[in-house]
Amino acid sequence: MTGNPDLLAELVEALRCLPGVGAKSAQRMAFHLLERDREGGARLSRVLGDAMQRIGHCKACRNFSERDECAICANASRDASLLCVVETPADLLAIEQATGYRGRYFVLMGRLSPLDGMGPQELGAGLLQQRLASGEIAEMVIATNPTVEGEATAHWLGQLARAAGVRATRLAHGVPLGGELEYVDRGTLAHAFGTRLTME
Amino acid sequence: MRVESQPAYVLHVRAWRETSLLLEAFTRDFGRVGLVARGVRGARARLPRSLLEPMQALRLGWSGRGELQTLTTAEPDGPVHALRGDALLSALYVNELLVRLVARNDPHPGLFDRYAALLGELAEGPLLAWRLRCFERDLLAALGYAMQLGTAADTGAAIDPDATYDYLPEQGAVAAGSHPGGVRVRGSALLALDSGALPIAEDLAALRRLMRMLIGTHVGERGLQSWRVLAGPLRSG
């Protein structure tokens, strides 16, 4: 990179902050924008600048939002008595797209993990406790991931719900649709077997 | 170097790049090792992601050298312990203890077996706090900081169950009030930890303070994250 002018080197270096982008990809991106798509590059820089400055967290659910309250929390037609707790904004989107859930959310922005320094404080415990104490919520759906840390988080969330007198439910674990038992991993199969349902 | 079918437990998992994981594993013959598991996330994962979750008995294979080596194989080695609730939080605490106190590539086969046994004990349920104290005692001993629990450090006399002592980090138990610092405990608490016989609740609480102080001297000023992170969620231990 030694022969390049400084600004170009800086652009390549800056692009490397994107996940999965190494030196080579960053260089390709920079050359592509400069050679073929200056307009796209200008738009990217404008939107990126705006987004970094204006997108904060919703004051009710902690999801990313450019307003004080995000669109879901501000939507009066959503059921305020249901609160679904997820680890990340990506998890929220997955549930929105896959299910007909019409309640509200709370985004932890992480999971309980001592080694990563993520505890109740980092996960917005204070705000969540306030919402549980408001008396508005009848059921808290715990939708943390079925990982060790997700389960530990679910256990803690269950305690918060119990302390506030709110019913807590947990997403079921099971055999994936279209899956074959022979190929399902042992933990999932054991779990699905243990929590089998009565045939209606 | 190439290692095959090594008994191991994953202590911690962190997402890395698009499809890889960084694992901190505790192995029987190689101690704590850092491994990169490539291509194990997403729909086309090479291994089931559930296999690399912490606290399961595994057989791991890896190759490479240096701080981070590459995971080549992973298979289950025995049944999965059903750790739930406080037992699960306790196990997360123990994992942080191992990551913070056991140096990488420093084998501790005895401690490995002790850890495996502890997970089984935690899964059984009761007496979590007491099981943790006994493990902490064995961990310190394995690292060369064995506690002196049977005799007083200042007089060399046998510990009197009814006497009160101050346990100092470098020396051990001395007559209460004779030296500054240390954690105040009754002789009965020290003898219980020495013999592994369940102490009364008051002694158990004193041992918790004692072990925390001793561990604190080895992990540095920041202390363990678990002390802060798990203080609310984990009430028992």
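Counting restarts for each chain, with residues numbered from 1 along the sequence as it is written. To read the labels, note that chains go from A and ligands from 1, taken in the order they are written. pLDDT decides what is reported in this predicted model: residues at 70 or higher carry local features, side-chain atom pairs at 80 or more are listed and counted, and totals for whole chains, interfaces and linings draw on all residues regardless. Excluded from the side-chain calculation are hydrogens and water; included are all heavy atoms of the structure.

**A short note on the pairing of strand 2 (residues 20-27) of chain B**
Residue and element names in this part refer to chain B. Quick note on the threshold: Burial here depends on accessible area, computed with a 1.4 Å probe over protein chains only, as a share of the maximum for the residue type. Under 20% is buried, over 50% is exposed, and the range in between is partly exposed. Secondary structure follows DSSP: runs of H or I at least 4 residues long count as helices, runs of E at least 2 residues long count as strands, and numbering of each begins at the N terminus. By the convention used here, strands pair only if DSSP detects at least 2 bridges between them.
With 7 of 8 residues buried, strand 2 is to be regarded as a mostly interior element. Across 8 bridges, the pairing between strand 1 (residues 2-16) and strand 2 is antiparallel. By the bridge assignment, Tyr9 is partnered in strand 2 with Phe26. Between strand 1 and strand 2, which pair antiparallel and follow one another directly, the connecting turn spans 3 residues, one of which, Arg17, has a positive phi of 50 degrees. Sheet topology places strand 2 next to strand 3 (residues 31-37); 7 bridges connect them, and they run antiparallel. What sits directly across from Leu23, in strand 3, is Leu35. In sequence, strand 2 turns back onto strand 3 through a hairpin of 3 residues.

**Brief notes about the interface of chain A and chain B**
Applied cut-off: Whether two residues touch is decided by their heavy atoms; if any such pair falls within 4.5 Å, the residues are in contact. Computed with a 1.4 Å rolling probe, the buried area is the accessible surface lost when two parts are put together, summed over both parts. What makes a salt bridge here is a side-chain nitrogen of Lys or Arg within 4 Å of a carboxyl oxygen of Asp or Glu, nothing more. Counted as a polar contact is a pair of N or O atoms within 3.5 Å, where, for protein atoms, one must be capable of donating a hydrogen and the other of accepting one, and residues adjacent in sequence contribute only when both atoms are in side chains. When residue character is reported, Ala, Val, Leu, Ile, Met, Phe, Trp, Tyr, Cys and Pro are called nonpolar, Asp, Glu, Lys and Arg charged, and the others, Gly included, polar.
Listed by partner, the interface residues are 24 residues for chain A and 28 residues for chain B. It is A:Pro114, A:Leu115 and A:Val148 that lose the most area in chain A upon contact with chain B, and together they represent 34% of the buried surface on that side. Counting the contacts that link chain A with chain B gives 2 salt bridges. Between B:Arg14 and A:Asp116 there is a salt bridge, with the nearest N and O atoms lying 3.1 Å from each other. The tally of links from chain A across to chain B stands at 6 residue pairs in polar contact (both at pLDDT 80 or more). Put simply, the parts of the chain that give the side of chain A that touches chain B at least two residues each are helix 7 (148-164) and helix 8 (186-194) of chain A. The element that contributes the greatest number of residues to the side of chain A that touches chain B is helix 7 of chain A, accounting for 7 residues. Residue classes in the side of chain A that touches chain B are distributed as 9 nonpolar, 9 polar and 6 charged.

**Let's talk about the confidence of the model for chain B**
Caution is warranted with low-pLDDT regions, since their predicted coordinates should not be read in detail. Spelled out, the test is: pLDDT: the predictor's confidence for each residue, scored from 0 to 100.
Chain-level statistics for chain B give a pLDDT mean of 89 and a share of 99% at 70 or above. Note on the complex model: pTM 0.87, ipTM 0.86.

**Some details on the sheet that holds strand 4 (residues 58-63) of chain B**
Residues and elements named next belong to chain B. Using the following cut-off: All axes are obtained by fitting lines to C-alpha atoms, using only the stretch in contact for helices, and the reported angles, taken between N-to-C directions, cover 0 to 180 degrees.
Pairing within the closed barrel is mixed, and its 5 strands lie in the order 1-2-3-5-4. For this sheet the average axis-to-axis angle between neighbouring strands, irrespective of direction, equals 55 degrees. Of the pairings in the sheet, the one linking strand 4 to strand 5 (residues 68-76) comprises 6 bridges and is antiparallel in character. In the strand pairing of strand 5, Arg59 is matched with Glu75. Strands in contact with helix 2 (residues 109-124) are strand 1 and strand 2; relative to strand 1, the strand with the most contacts, it is inclined by about 60 degrees.

**As for the environment of B:Leu143**
Residues and elements named next belong to chain B. Take Leu143: it is sitting in the loop between helix 3 (128-142) and strand 6 (164-168). Considering only alpha carbons, one finds Leu143 and Trp227, 84 residues apart in sequence, at a separation of 21 Å. When neighbours within four sequence positions are excluded, Leu143 is seen to be in contact with Leu101, Val102 and His108.

**Re the layout of surface pockets**
Remark: the empty space left among the atoms is shown by a probe the size of a water molecule rolled over them. Residue and element names in this part refer to chain A. To be explicit about the condition: Cavity and pocket criteria rest on a 1 Å grid covering protein atoms alone: a 1.4 Å probe that fits but cannot get out defines a cavity, protein on both sides within 12 Å along at least 5 of 7 lines defines an open pocket, and an atom within 4 Å of a point defines a lining residue. Grid points are joined across faces, edges and corners, and a volume is the space filled by probe spheres set on the points.
One number sums up the size of the second largest pocket: a volume of about 360 Å³. Forming the boundary of the second largest pocket are 14 residues, of which Leu11, Leu15, Leu33, Leu44 and Leu48 lie nearest the centre. Within the residue set of the lining of the second largest pocket, elements represented by two or more residues are helix 1 (6-15), helix 2 (23-36) and helix 3 (38-54). A total of 6 residues in the lining of the second largest pocket trace back to one element, the largest contributor, which is helix 3. By residue class, the composition of the lining of the second largest pocket is 11 nonpolar, 2 polar and 1 charged.

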